[in-house]
Amino acid sequence: MSGHNGKFLPVPRPETEGWWENCRNHKLMIQRCSDCGEFQFYPRIICAGCMSGQLEWVESAGRGKVSTYTVCRLPVAEAYASDVPYVVALVRLEEGPVMMSNVVDCDPESVKTGMLVEVAFQKWSETVTIPQFKPVAERTTQ
Amino acid sequence: MPHLGATALCIDAATRALKDAAITKDQVDGLVTCNSFAEPYMYHAEAIAEYLQIFPRYCVTANAGGGTTFSSIQHAATAIATGVCETVLLCMADSLRTGLSREQAKKMQSSTGHPEFETPYGATVPAYYALIARAHMDAYGTTAEQFAAVAVSGRQHAARNPAAQMRELISVEDVLNSRMIADPLHLLDCSLVSDGGAAIVMTSAQRASDFPHDPVYILGAGEGHCHEHISQAKSLTTSAAVESGRRAYRMAGLGPEDIDVAQLYDCFTPVVLIELEDLGFCPKGEAGAFVASGGTAPGGVLPVNTHGGMLSHCHPGNPGAMFSLTEAVAQLRRAAGDRQVEDAQIALVHGQGGIMSSHATLILARESGT
Ligand SMILES: [Zn+2]
């Protein structure tokens, strides 16, 4: 995963700039509604449950489970070619919301539904650091 | 057929539809199109009206991906029923096979998915659908062989259709041995990339009785919309086809047991299984076995995609489902040649766009049902 030139970099919007800034600081933020208590992702200016505008930013524990996945054998664009085969997955965070992401730092063939993963940030440019996920290290019993 | 670009394909299809209906362009007072990737216009329907030199009072560029075709028909039917216009021309075409520049192709890939929270991760279009396929396997034990059976069934129909792009019979093994694109989807689980266009003329049942060819009647229409981006889906294995189907059945006063032939959106093989289940043709999780046992093949209980579908007939992008519609019309008019479903009275067509996002179902009939 070297050289991210030409990848489809996100262009933050005025209201998501802060979220991406947190990513640069290796913090995965989600929103919680102060009125109904629901967590949500992606960031919105309203709670998609109750339409309240009272939202607070909460740092996610950054852990979740793979709810589905695929291994891309063909790259979406040339800039992704050196990553092939790469895993695209939906990850359900412990707090509830689902994110699309890559599962990295493991053999793509070893990825399975239900696998426990944790966030791993990767710097793609001066302004963009992308949250990806890696398998949770086996807990050693000592 | 001469080599034509997307705009010309659209005009060519429109010309044929007007000829079939035996009306002049001046009788068209409503126009519905969808935009083209290869030859986009800021206001597509207006550009087509200008090219044809028609001056409609109802002019819409619809955009719901593969669901566009059938949701447009619901819009057009509403406009006709409320007297906004009398006769609508729907024409849709694109030239994804030969008309896209490298830059356009890249832009098309990068426009799938949420631009901030999905697209950066590099999923190809097949990869987005592979997420659905995997979820269906995990939930119901569906197998790669059962996905492959959808492609095999489609090809059996295509073999009987001289207009199909791919007509050579294939086996489940052929599908499984084709190149893996995004696990569990192989190359032959994916639809074609084509140039193509199709058009229809819609009007009230009363006015249609003056036309020289038999009309086909729209008995029911329904839509369902559950998300735009797959990471926001409430369910990966049950879609808003449940709602679009239920709404169409209710309007028609019919149920799945009344359908003689179905044309289901088949951009990727797993989509057909989910549609068969959500539209009530199979209990949840049983569509794989149904297709593998020949249920959708020629002569099956429910022949599906009798033209060959987008897996074998053609898939020019947003207009892809237009051919399900023209095929349903051909079946109900008993004009489908070697692939005619015997005694076809009622047809169901279903389209979906996005990643199982926007669903539209129509129920069509040979008789007006009144
Ligand atoms: Zn709320």
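Report on the accompanying structure.

What counts and what doesn't
- Residues numbered from 1 in each chain as written.
- Chains lettered and ligands numbered in written order.
- Predicted model: local features only at pLDDT ≥ 70, side-chain atom pairs only at ≥ 80, totals over all residues.
- Heavy atoms only, no water.
- Pairing = 2+ DSSP bridges.
- Helix = DSSP H or I, 4+ residues; strand = E, 2+ residues; numbered from the N terminus.
- Axes fitted to C-alpha atoms, helices over the stretch in contact; angles between N-to-C directions.
- Buried < 20%, exposed > 50% of the residue type's maximum accessible area, 1.4 Å probe, protein only.
- Donors = N, O, S within 2.8 Å, 3.2 Å for Na, K, Ca; no water.
- Tetrahedral: all angles 85-135°; square planar, octahedral: opposite > 155°, others 65-115°.
- Disulfide = S-S within 2.5 Å.

Section: the sheet that holds strand 2 (residues 39-40) of chain A
All names here are of chain A.
- In spatial order, the strands read 2-1-3; together these 3 strands make up an open sheet with antiparallel pairing. A strand with exactly one partner marks an edge of an open sheet, and here the two such strands are strand 2 and strand 3 (55-59).
- Taken together, the 2 bridges between strand 1 (residues 29-33) and strand 2 define a ladder with antiparallel strand orientation. Paired with Q31 across the two strands is Q40, which belongs to strand 2.

Here we look at the sheet that holds strand 8 (residues 261-264) of chain B
All names here are of chain B.
- Spatially, 4 strands are ordered 7-10-9-8 in an open sheet, and the strand pairing comes out mixed. The sheet terminates laterally at strand 7 (217-225) and strand 8, the two strands that pair on one side only. Adjacent strand axes in the sheet meet at a mean angle of 10° when their direction is disregarded.
- Direction of pairing for strand 8 relative to strand 9 (residues 346-353): parallel, over a ladder of 4 bridges. Following the sheet pairing, L264 is matched in strand 9 by H350.

A few points about unusual backbone geometry
- The linkage connecting V84 of chain A with the following residue, P85 of chain A, adopts the cis geometry, with an omega of -5°.
- Along the polypeptide, P85 of chain A turns up in the loop between strand 4 (63-72) and strand 5 (86-93).
- A cis geometry characterises the amide bond from D183 of chain B onward to P184 of chain B, with omega recorded as 5°.
- Mapped onto the elements, P184 of chain B comes out in the loop between strand 4 (180-182) and strand 5 (185-186).
- In the Ramachandran plot, A22 of chain B falls in the positive-phi region, its phi being about 55° despite a non-glycine side chain.
- By secondary structure assignment, the location of A22 of chain B is in the loop between helix 1 (6-21) and strand 1 (30-34).
- For A22 of chain B, a relative accessible area of 48% translates into the label partly exposed.
- Residue M356 of chain B is not a glycine yet carries a positive backbone phi of 60°.
- Take M356 of chain B: it is sitting in the loop between strand 9 and strand 10 (358-365).

Describing the coordination of the zinc ion
- Distances from the zinc ion to its protein donors, namely C33 of chain A (SG), C36 of chain A (SG), C47 of chain A (SG) and C50 of chain A (SG), fall within the range 2.3 to 2.4 Å.
- The site at the zinc ion holds 4 donor atoms, and with the angles between them running 105 to 119°, its shape is tetrahedral.

Quick word on the state of the cysteines
Residues and elements named next belong to chain B.
- This model, assessed by the stated rule, comprises 0 disulfides over all chains.
- Cysteine C85 remains unbridged, with the sulfur of C59 as its closest cysteine sulfur at 10 Å.
- Given the relative accessible area of 2%, C85 is considered buried.

Take it as geometry only, folks, not as evidence of what the structure does.
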